[in-house]
Each structure stands twice: as structure tokens, then as C-alpha cells.
Amino acid sequence: MLDQVSPSSDLMSELLLGMRLRGLQYRRIHVGPSFGFAFREKTGCAYFHFMATGTAELRTEDGVRETLAAGNAVFLPQGSAHQIVSDPTASVQDIEHYDVAPLSETLYAVTTPEPQSIFFSGCMEFDLGGLQGLVPLMPEIIKIDATSQRYLELMPILTAMEQEACSGRVGDAGILARLADVVMTVIVRGWVECGCGNSSAFVTALREPRLSRAILALHRQPGRDWSVAELAAESGLSRSVFAKRFQETIGVTPLRYAGELRMRIARTWLAYDKISIERVADRLGYTSQAAFSRAYKRIVGVPPGYSRRT
């Protein structure tokens, strides 16, 4: 039984290990009885809000409404535009237009008249590495109650974030970024464990031991020149059955998935780790930099040098 469960568990670990968060801006927001903040859409980023004290309502342009009470946290993995308001009649202003007091390089304090409640807000670059294709499949909002049994481990971390945001101590931004990284990882894990709202074909594979073995092999050796027969052998299935089941579940052929996976990993190495194009090509098994560049542009849409510069 352990052999059947293990591959899916390993694949979950691969997902979480590949997740990267880089904090662009954090805010400690101290609000009065009436407030309204608008957050712009930010492609490639994610928003995170934690209600430390008081209550509020989060609303999106699509009309979604979420009540936030003390101990609630929300994660918006697609960086969607939204508002956080005290009540439906509150006037709303873009968060960028509020006066801020810099507490560190990336941490700012926002205070409105008659401050009573506190919530913590973060905007971060959100990258799932080789599993970046999951992001569009994630819900617009993932809300958690840190006081619930499922997320009991988060409450001490969120409390630590609140204390760090209010302390003004040296290095607070770096500590907040690391704490936020842990919180987001736990939230994404909870989302997958709950079946991803049945929105992701990948989760079907994650829970299907035979397919997960092949996918795990691809993620662990992305530079190998895999054949369908070799991947089928990893799954313990015949070539034809494996190819059919993979495409039905994931939506693409095994070799197309392997090619797109290489390019998602390449983009992370180029854009975030600033590894040279030549070294990335070599690590991913390409015989020449030119061959890698052609494949990268075909799949990603831009040359690798562009991704590295930006």
C-alpha cells in the first residue's frame, strides 16, 4: 500500500519544492471603522491578505464576496483585481494612492483615521516552476480559517507575521518573506489535498499512482531524452495504454508535456536564477545552445535571452 501512495506524495513534494515566492511589497494596514482599498490586477503575481483583528469584506470584479474575520487569510494566486472594504457603502481608493510610512525596503505601514483593526497585505511574484501550468487552474481566491483544525499549524506563523510587521525590527522584511513562503506553501498543499475544487486534471494524475510515477520521473530528470515507451515502463503500463491515459488525464501527449516542462524550468532558471543560456541548454539535455533557443522560442514565445533580461 505504501508503494502506491508514495509516488503521489513525492509528486506533491516536487510541487511544493518548486514553488517560489518573491515579495515585491508588504503592507501593515491599520484601519479605522470605515475603509476601502482597491488592489490592481498584477499578472505573474499573487496577493496575500491576513486579517489580524477586526472584520472586512473582499470583493472581486466578478462579483465574488468573501467575509474576512480575525484569523482569516486569503490567497489570490492569479493576482486578480479586488477590493477590501469595511462595508458595502465604504468609499474605495487605490492602495497605491495611500500615504505610506516605510518600515524597510519592502515593508510599509498604512494608517487611516481612527485606527482600530489591523490586516497584513503582501504582493509577491508567484512561480510554481515546472508546475506553473497549475496556476491558471487555481481558483481566483483561496480562503482559509487559521483557527480551523485543518490549518492549526498556520496560526502561530500568522501571529508571528503580525508581530514582525508591527515590531519595526531590523530584517523584518526578510523574515516576513520567509514566513509568507511557508504560509503559501501550506495553503497550496491544502488546496491540492482538497482536490483543487475538481478543477485540475493534474490532481487526477497526482492521485493516480501509475501516472504520477511517470510525471515524477519527468520532473526529476527533465533533461533526459524520454521516449513514450520509457515513461510507460515507469508507470508499469503498456505504451498504448499509458499514452491514452496520459492524454485523457493531462490533456496533452507525454512528449509535449515533457517539452513544455523543460521550458517552464528553463524560464525559472533564466529569469530568477540568472543561469546562462548555454548552461541551461546543457542541463536540459540539448546538444547545442541554438537547438535549445529554437525550442524555447517555439514553446514560450520569446527568445531565452529576453526571459533572462526580464
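The structure under discussion appears in the preceding block.
Residues numbered from 1 in each chain as written. Predicted model: local features only at pLDDT ≥ 70, side-chain atom pairs only at ≥ 80, totals over all residues. Heavy atoms only, no water.

1. Thoughts on the pairing of strand β11 (residues 117-127)
Here is step 1 of the chain: Counting buried positions along β11 yields ten of eleven residues, so the element is predominantly enclosed.
Here is step 2 of the chain: Note that strand β3 (residues 45-51) and β11 share seven bridges and pair antiparallel. Across the sheet, the residue bridging to Cys 45 is Glu 125, located in β11. (Buried < 20%, exposed > 50% of the residue type's maximum accessible area, 1.4 Å probe, protein only. Helix = DSSP H or I, 4+ residues; strand = E, 2+ residues; numbered from the N terminus. Pairing = 2+ DSSP bridges.)

2. Digging into the environment of Ser 240
Here is step 1 of the chain: When you line up the elements, Ser 240 lands in helix α7 (residues 239-250).
Here is step 2 of the chain: Sequence-wise, Ser 240 and Val 228 are twelve residues apart; in three dimensions their C-alpha atoms are separated by 8.9 Å.

3. Some points on the pattern of salt bridges
Here is step 1 of the chain: The final tally for this structure, using the stated rule, is eight salt bridges.
Here is step 2 of the chain: Arg 27 is paired through a salt bridge with Glu 96; the nearest N and O atoms lie 3.5 Å apart. A residue pair is termed long-range when its members are at least 10 positions apart, and Arg 27 in strand β1 (residues 20-31) and Glu 96 in the loop between β8 (93-94) and β9 (101-102) qualify at 69 residues.
Here is step 3 of the chain: Residue classification places Arg 27 among the buried positions, given a relative accessible area of 6%. (Salt bridge = Lys/Arg side-chain N within 4 Å of Asp/Glu carboxyl O.)

4. Describing the environment of Ala 146
Here is step 1 of the chain: Note that Ala 146 resides in the loop between β12 (142-145) and α2 (154-167).
Here is step 2 of the chain: Residue Ala 146 is classed as buried on the basis of its relative accessible area of 0%.
Here is step 3 of the chain: C-alpha of Ala 146 to C-alpha of Ile 157: the two residues are eleven residues apart in sequence and 9.7 Å apart in space.
Here is step 4 of the chain: Apart from the residues lying within four places of it in its own chain, the contact partners of Ala 146 are Gly 71, Tyr 151, Leu 152, Leu 154, Met 155 and Leu 158. (Contact = heavy atoms within 4.5 Å.)

5. Description of the packing of aromatic side chains
Here is step 1 of the chain: For the coordinates displayed, the defined rule picks out eleven aromatic pairs.
Here is step 2 of the chain: Lying across the ring of Trp 226, Arg 224 places its NZ or CZ 3.9 Å from the centre.
Here is step 3 of the chain: Over the ring of Tyr 257 we find Arg 264, and its NZ or CZ is 5.8 Å from the ring centre. (Phe/Tyr/Trp six-rings, centres within 6.5 Å; stacked < 30°, edge-to-face > 60°. Lys NZ or Arg CZ within 6 Å of the ring centre and 35° of its normal.)

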